[in-house]
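Structural description and commentary
The chain contents come next:
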Amino acid sequence: MKKTLSGVLTATIVSNTLIPGVQAISPGNTTARFSHVLIISIDGLHNSDLSVANLQSSLKNIKRLQREGVTYTNAFASAPSDSFPGELNYITGANPGTTGVFYDKSYSRALYAPGTTAAQITAGTAKPGTVIEFAENVDASWNNGKGGTLDGGQGFDQTQLPVDSNGNPVYPNQYLKVNTIFDVASAAGLRTAWSDKHPAAYTILAGNTQDPTKFNLATGQVGSISDYSSLEINAAVAIDPTKPGLFPSTLGALVDQSTGTPYSNTNSQITSTFFNDGTKGNPALFKAPPAGFSANQFTSVATTSAYDDLKVKQILNEIDGLNDSGTIKVGTPAIFGLNFQAVSVGEKETASQFNGGGIDKDGNARPDLVSAVAHTDASIGLILNELKKKGLDSSTLVILTAKHGQNPVQDPTVGLSSTFDSVTGAAGGDGNLTAVAALLVRNGIQIASERGQDTSSLIFLKNPSDVRKAVALLKSKNYSFDTAVDQVSDPTGNTLFSTEDAAAQGKVLYGQSIINAGLGDPRANERTPDIIVPLKTGYFFGNATKKRAEHGGFTDADTHVALIAGSTGFSRNLQGKTISQTVSTTQIAPTTLQVLGLNPQRLQGVQIDRTQTLPLDFRNLQIEKYRIDKERREYEE
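What counts and how
Residues numbered from 1 in each chain as written. Predicted model: local features only at pLDDT ≥ 70, side-chain atom pairs only at ≥ 80, totals over all residues. Heavy atoms only, no water. Pairing = 2+ DSSP bridges. Helix = DSSP H or I, 4+ residues; strand = E, 2+ residues; numbered from the N terminus. Salt bridge = Lys/Arg side-chain N within 4 Å of Asp/Glu carboxyl O. Buried < 20%, exposed > 50% of the residue type's maximum accessible area, 1.4 Å probe, protein only. 1 Å grid on protein atoms, 1.4 Å probe; cavity = no way out; pocket = protein on both sides within 12 Å on 5 of 7 lines; lining within 4 Å. Points joined across faces, edges and corners; volume = space filled by probe spheres on them. Nonpolar A, V, L, I, M, F, W, Y, C, P; charged D, E, K, R; others polar. Arc of directions from axis to C-beta. Contact = heavy atoms within 4.5 Å. Axes fitted to C-alpha atoms, helices over the stretch in contact; angles between N-to-C directions. Core = buried A, V, L, I, M, F, W, Y, C linked by side-chain atoms within 4.5 Å. Parallel < 35°, antiparallel > 145°, perpendicular 65-115°, else oblique.

Quick notes on the sheet that holds strand β22 (residues 583–584)
The three strands lie next to each other as β19-β3-β22, forming an open sheet whose pairing is mixed. The open sheet is flanked by β19 (560–561) and β22, the only strands paired with a single partner. In this structure, strand β3 (residues 75–76) lies alongside β22, joined through two bridges in parallel fashion. Across the sheet, the residue bridging to Ala75 is Val583, located in β22.

Focus: the pattern of salt bridges
Across all of its chains, the model carries 14 salt bridges by this definition. Between Arg64 and Glu68 there is a salt bridge, and its shortest N-O distance comes to 3.6 Å. Of this pair, Arg64 and Glu68 both sit in helix α2 (residues 60–68), separated by four residues, roughly a single helical turn. Assessed through its relative accessible area of 17%, Arg64 is described here as buried. Here Glu68 falls in the buried class, since its relative accessible area comes to 16%. With its nearest N and O atoms 2.5 Å apart, the salt bridge here joins Arg366 to Asp411. Of this pair, Arg366 sits in the loop between α10 (342–348) and α11 (367–389) while Asp411 sits in the loop between β12 (396–401) and β13 (414–416); the two residues are 45 residues apart in sequence, bridging distant segments of the chain.

Focus on empty space enclosed by the protein
On inspection of all chains with the given rule, the structure shows two cavities of 30 Å³ or more. Forming the walls of the largest cavity are 13 residues, and the residues nearest its centre are Asp49, Leu55, Glu347, Ile359 and Leu369. When contributions to the lining of the largest cavity are tallied by element, the ones reaching two or more residues are α10 and α11. The computed volume of the second largest cavity comes to approximately 60 Å³.

A word on the layout of surface pockets
The space that makes up the largest pocket amounts to roughly 1,500 Å³. Contributing elements (two or more residues each) for the lining of the largest pocket: α8 (283–287), α10 and β14 (447–452). Residue composition of the lining of the largest pocket, by class: 10 nonpolar, 21 polar and 18 charged. In this structure, the second largest pocket occupies an estimated 640 Å³ of space. Along the wall of the second largest pocket there are 34 residues; nearest its centre are Leu231, Pro262, Tyr263, Gln314 and Asp324. At the level of secondary structure, the elements contributing two or more residues to the lining of the second largest pocket comprise β7 (227–228), β9 (253–256) and α9 (300–319). The greatest single-element share of the lining of the second largest pocket, amounting to six residues, is contributed by α9. In terms of residue class, the lining of the second largest pocket is built from 14 nonpolar, 14 polar and six charged.

Examining helix α13 (residues 467–476)
Residues three or four positions apart in an α-helix share a direction because the helix packs 3.6 residues into each turn. The set of residues buried in α13 consists of Val467, Ala470, Val471, Leu473 and Leu474. The arc that holds the buried residues of α13, viewed along the axis, is 160°, so those residues lie on one side. More than 90 degrees from the buried face of α13, the exposed residues found are Arg468 and Lys475. Summarising the contacts, the buried residues of α13 are in contact with α12 (435–441), β15 (456–461), β16 (509–510) and β17 (531–534). Lys477 lies just past α13 and shows a positive phi near 55°.

Things to note about the sheet that holds strand β20 (residues 564–566)
A sheet is described by the order of its strands in space; here six strands give the open sequence β11-β1-β12-β20-β2-β21, paired in mixed fashion. Either end of the sheet is taken by a strand with one partner, and the two such strands are β11 (335–340) and β21 (577–579). When strand polarity is set aside, the average angle formed by the axes of neighbouring strands in this sheet is 15°. When strand β1 (residues 36–42) meets β11, the two strands line up parallel, connected through six bridges. In the strand pairing of β11, Ile42 is matched with Phe340.

Focus: the environment of Glu386
When you line up the elements, Glu386 lands in helix α11. Residue Glu386 is classed as buried on the basis of its relative accessible area, which comes to 13%. Discounting residues that sit within four places of it in the chain, Glu386 has contacts with Leu316, Ile319 and Asp320.

Digging into the nonpolar core
Tyr72, Ile181 and Leu205 are the most contacted members of the largest nonpolar core, which totals 59 residues. Looking at this core, the elements that each hand over two or more residues are β1, β2 (69–72), α3 (83–92), α7 (181–187), β12 and α17 (588–595). Filtering out sequence-adjacent residues up to four positions away, Ile181 remains in contact with Ile39, Tyr90, Ile91, Ile335, Ala589, Thr592, Leu593 and Leu603. With 40 residues, the next largest nonpolar core counts Ile42, Leu45, Ala77 and Leu384 among its residues.

Some points on unusual backbone geometry
The peptide bond linking Ala79 to Pro80 adopts the cis configuration, its omega dihedral lying at 5°. Position of Pro80 among the secondary structure elements: in the loop between β3 and α3. In the segment running from Asn407 into Pro408, the intervening peptide bond is cis, with an omega of 0°. Tracing the backbone shows Pro408 in the loop between β12 and β13. Positioned with a positive phi, Lys477 is a non-glycine residue whose angle comes to about 55°. The phi angle at Arg610 is positive, at roughly 55°, despite the residue not being glycine. You can see Arg610 is positioned in the loop between α18 (604–609) and α19 (629–632). Using a relative accessible area of 41% as the deciding quantity, one classes Arg610 as partly exposed.

Quick notes on the packing of α9 against α11
Contact pair α9 / α11: the axes reach a minimum separation of 10 Å and the direction vectors enclose 10°. Between α9 and α11, the interaxial angle falls into the category roughly parallel. In this structure, α9 uses Val301, Ser305, Asp309, Val312, Ile315, Leu316 and Ile319 to contact α11, whose residues at the interface are Asp368, Ser371, Ala372, His375, Ser379, Leu382, Ile383, Glu386 and Leu387. Among the residues making up the contact of α9 with α11, the classes are represented as nine nonpolar, four polar and three charged.

See the structure below:
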């Protein structure tokens with residue numbers, strides 16, 4: 001029998017007040033239907049991937065979750081579709097214009113560059129306006145000369161943090177403009193846990209009400225997150241085959257070059273040349289593996305799958321009622337989750353890298369993507385089986401989705417690899433601009449910053465009055481200055497990047513169209529770009545010899561993601577059902593709170609964006625269209 005958490009609601013109302021001036025939405029039924037919500041992101045997983053013919057045998061456990069629950073076939077992640085805004089969608093219930101977070105690397109017109117002092121601000125020698133980067137760079141262990149460490153429990157590198165008008169560092173969670181599901185659950189006395197891909201950066205999930213100076217990454221006490229343990233995806237790693245992996249499918253133990261951590265390398269055969277970026281593998285050793293090693297131990301998918309396994313083990317420990325390391329009995333969290341990286345890596349891999357990644361023009365997944373999906377699906381199976389083993393399967397709602405998609409879903413693909421100087425717009429130089437921004441600079445328009453640069457260009461102008469002139473230039477699509485030849489997409493050498501730049505450019509967003517997309521007003525929101533230029537399907541900024549896809553844009557390929565909500569505790573009329581109405585991943589956040597018996601209105605982003613819960617009872621499926629859906633259909637223009 002489910003209970004009504006009346007005491008919980010009272011605690012929440014006291015701790016998270018409603019925002020003045022914002023009309024409340026109906027909270028619906030606040031009777032607890034589940035005791036736990038487990039949120040899983042398989043980064044890059046499209047809804048369409050679930051129908052790829054040669055992936056069907058690799059999707060057994062995801063199909064199992066579908067049979068136990070509801071599949072939303074028209075679910076969309078954030079746009080721009082980068083990891084930070086994508087995850088904050090379902091952690092806050094709000095879009096980027098409300099969270100204030102547009103990208104992992106974004107820009108603020110109000111904050112100051114890292115290292116700026118209060119004296120410089122007072123004297124007027126420092127000016128506001130800075131790039132904001134919250135990734136591996138803000139972790140204290142990153143700049144250790146050894147490619148960082150997997151176990152990033154050393155805290156923040158304050159020299160990498162932006163500075164406010166008083167000269168104080170701005171931590172990731174302070175940059176977020178709204179609270180999170182962890183804030184609400186913690187205020188209600190519930191236990192929470194999370195594991196993600198950058199240790200210091202993803203403390204943003206703790207919410208804007210928490211004091212970051214009290215965060216302890218070593219113990220996992222990170223404000224509203226009771227048990228936080230993110231492992232660094234970009235650490236230089238290797239697989240040691242002489243040590244057992246965590247699971248039978250793991251090729252060996254994942255190690256790094258640190259000392260004194262659970263992941264330290266102790267195998268003298270694994271020298272410094274073995275270590276490479278965890279998301280890229282080691283091509284040289286893949287082609288010529290040393291004695292005792294197999295080629296597949298050096299692929300990007302293998303190393304990333306081993307990385308994912310570390311987080312799966314943490315989830316299994318938490319299902320068992322232990323802390324993430326499995327050392328202390330603490331109870332299973334009310335809200336917990338993780339993200340998987342291997343599928344995203346397999347989608348980006350080119351046809352000629354390792355065993356081949358992505359989906360070919362005929363719709364067939366190549367071997368490394370098949371391997372990534374199969375390994376991830378097996379991990380989902382481990383999680384579902386552990387829930388059942390512990391008797392938690394009917395009291396846990398499992399929500400499976402993706403932070404973002406990947407553009408393109410399948411070949412053909414074109415990488416726009418030309419880069420340009422940020423001051424002159426000339427080819428090369430500091431290489432900080434794409435052709436999109438260079439077109440403006442070369443015509444006398446000064447740019448404060450260009451962000452995105454994956455499958456969209458987010459442009460911040462030094463002079464906002466230049467918007468209309470800039471838009472006119474962009475609509476001209478005169479990229480004749482980009483004279484480089486694309487010999488990757490066209491080995492004959494007959495295709496210039498200038499032609500592809502023009503073909504790639506989607507609808508130019510500015511002014512009201514940015515507001516309509518739920519991204520705020522550039523005149524009032526110091527983080528909203530003046531101009532956004534999404535790329536069309538099949539194009540990305542980057543070198544096509546190194547990757548075949550990216551994310552960060554507005555197309556269906558970027559944003560149309562998988563979304564399944566399942567539990568053996570669902571009634572039979574819900575299990576195996578499909579909902580085709582358009583929904584947003586923002587709706588996961590209020591749904592999470594509601595099924596736990598908490599009030600979704602405690603989320604500030606839910607109030608501001610008027611975010612609805614996902615339809616789970618089938619009594620009212622006429623939900624409001626995702627607010628940017630109308631605009632989304634025009635981004636390919």
